[in-house]
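Read off the chains here:
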Amino acid sequence: MNFKDRIIRATGTKTPFRLIVVDLTSTMNEIGKKHNAQGYALKLLAENSIASLFLSSGLKFAGTVSFTTKFSGEITTIQSDSTPMGLIRAMIPQSELQAVGANEPAAIPQNVDVVKINEHGKRVHESIIEASSLSMGQNLAMYLLQSEQVRSAVGIEARFNKEDPSKLDYAAGFYIEAFPDLEEKDINLLEVIVQNLPKFADLYKPEGFDLDELLDQLRGPYDIEVIREIEPKAYCPCSLERMISSVAALPLKDLEELEKDGEDLDVTCDFCRNKYKITLADLRGIINERRK
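Everything quoted here is computed from the prediction, not taken from an experiment. (Residues numbered from 1 in each chain as written. Predicted model: local features only at pLDDT ≥ 70, side-chain atom pairs only at ≥ 80, totals over all residues. Heavy atoms only, no water.)

Draft legend 1. Structural view of the environment of Leu-250. In this structure, Leu-250 sits in the loop between helix 7 (240-248) and helix 8 (252-261). Those residues in contact with Leu-250 that lie beyond four places of it in its chain are Leu-255, Leu-258 and Arg-290. (Helix = DSSP H or I, 4+ residues; strand = E, 2+ residues; numbered from the N terminus. Contact = heavy atoms within 4.5 Å.)

Here it is in structure tokens:
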């Protein structure tokens, strides 16, 4: 059996629906380690990322989907950005992660913000809906229904290891989308299939999560065709040049205050935690350019 991280996209061969299954366990353990995320925070980070991957899987262009869940409480923001090729990055504000540790955070869902960006960096879609619960699957299904008029069934679950809360046992999910011409009898049957799926915990084995079994259970009596299978990867496009551009966007007054300190700036990417040094010479170059 294959227990590496995978995204499997399939469609019904004779029945108009599509389904996607995802195992993101190793990738999220890698991302979580960079952030020092633990316990419930790591679980939420992984579940938010799977929701983003489901949306980016449906992009018709080589762009990016940013799926952001906002809360009130000890955690305020979870943002996950992904591409159709399975590249993923994610973040929770570092100060909040460290304050929460492995404890279950007090977090009241507020809203979900979905932004789609094309390959040229232009926003082509943005939608904000009220978050119905802490369940990323429910929030994604609600977003699809309200903003894109798509009928779907979504299941997303991550479980952290009780002995070592800095690691996930599994982070997996499924997504079924009913195409507009799917007959009501098939919709009803798919609903029954989803309701009778085994628990995610029952698909977890010592060697990993059984994604093939989840796919087999989901398709029920229908013939499906696997359109694509890819391996998700943690990826962040940050660079020194991008960091300099971000600093250059600050108000000129703030830049001049930073120059008065007379020190290089140490900047850390919120997503990959890579550190960059912006020298005093870089800063003066930005200020001179802004003054022109």
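What follows continues from the structure just given.
Draft legend 2. Quick look at the sheet that holds strand 4 (residues 77-82). Spatially, the six strands line up as an open sheet ordered 7-6-3-4-5-13, and their pairing is mixed. Either end of the sheet is taken by a strand with one partner, and the two such strands are strand 7 (123-130) and strand 13 (233-234). Its contacts with the sheet place helix 1 (residues 25-35) against strand 5 (87-91) and strand 13, and it is angled at close to 35° to strand 5. Each of strand 3 (64-73), strand 4, strand 6 (107-117) and strand 7 is contacted by helix 4 (residues 136-148), which is oriented at about 115° to strand 7, the strand it contacts most. (Pairing = 2+ DSSP bridges. Axes fitted to C-alpha atoms, helices over the stretch in contact; angles between N-to-C directions.)

Draft legend 3. Local environment of the packing of aromatic side chains. This structure, assessed with the given rule, holds seven aromatic pairs. Summarising the aromatic geometry, the rings of Tyr-170 and Tyr-204 are spaced 5.6 Å apart at their centres and angled 40° between planes, so their arrangement reads as tilted. Placement of Tyr-170 in strand 9 (residues 168-178) and of Tyr-204 in strand 10 (residues 204-205) is noted, with a sequence separation of 34 residues between them. Note on Tyr-204: relative accessible area 26%, which makes it partly exposed. Their ring planes at 40° and their centres at 5.6 Å tell us that Tyr-170 and Phe-209 sit as a pair that is tilted. A residue pair is termed long-range when its members are at least 10 positions apart, and Tyr-170 in strand 9 and Phe-209 in strand 11 (residues 208-209) qualify at 39 residues. Classification of Phe-209 by relative accessible area gives buried; the value is 2%. Each member of the aromatic cluster is reached from another via a ring pair, and the members are Tyr-170, Phe-174, Phe-200, Tyr-204 and Phe-209. Over the ring of Phe-271 we find Arg-89; its NZ or CZ atom is 3.8 Å from the centre of that ring. (Phe/Tyr/Trp six-rings, centres within 6.5 Å; stacked < 30°, edge-to-face > 60°. Buried < 20%, exposed > 50% of the residue type's maximum accessible area, 1.4 Å probe, protein only. Lys NZ or Arg CZ within 6 Å of the ring centre and 35° of its normal.)

Draft legend 4. Region of interest: the environment of Ala-172. By the secondary structure assignment, Ala-172 is in strand 9. Taking relative accessible area as the criterion, Ala-172 reaches 0% and is therefore assigned buried. When residues no more than four places from it in sequence are discounted, the contact partners of Ala-172 are Val-22, Asp-23, Ile-50, Gly-155, Ile-156, Glu-157, Phe-200 and Phe-209.

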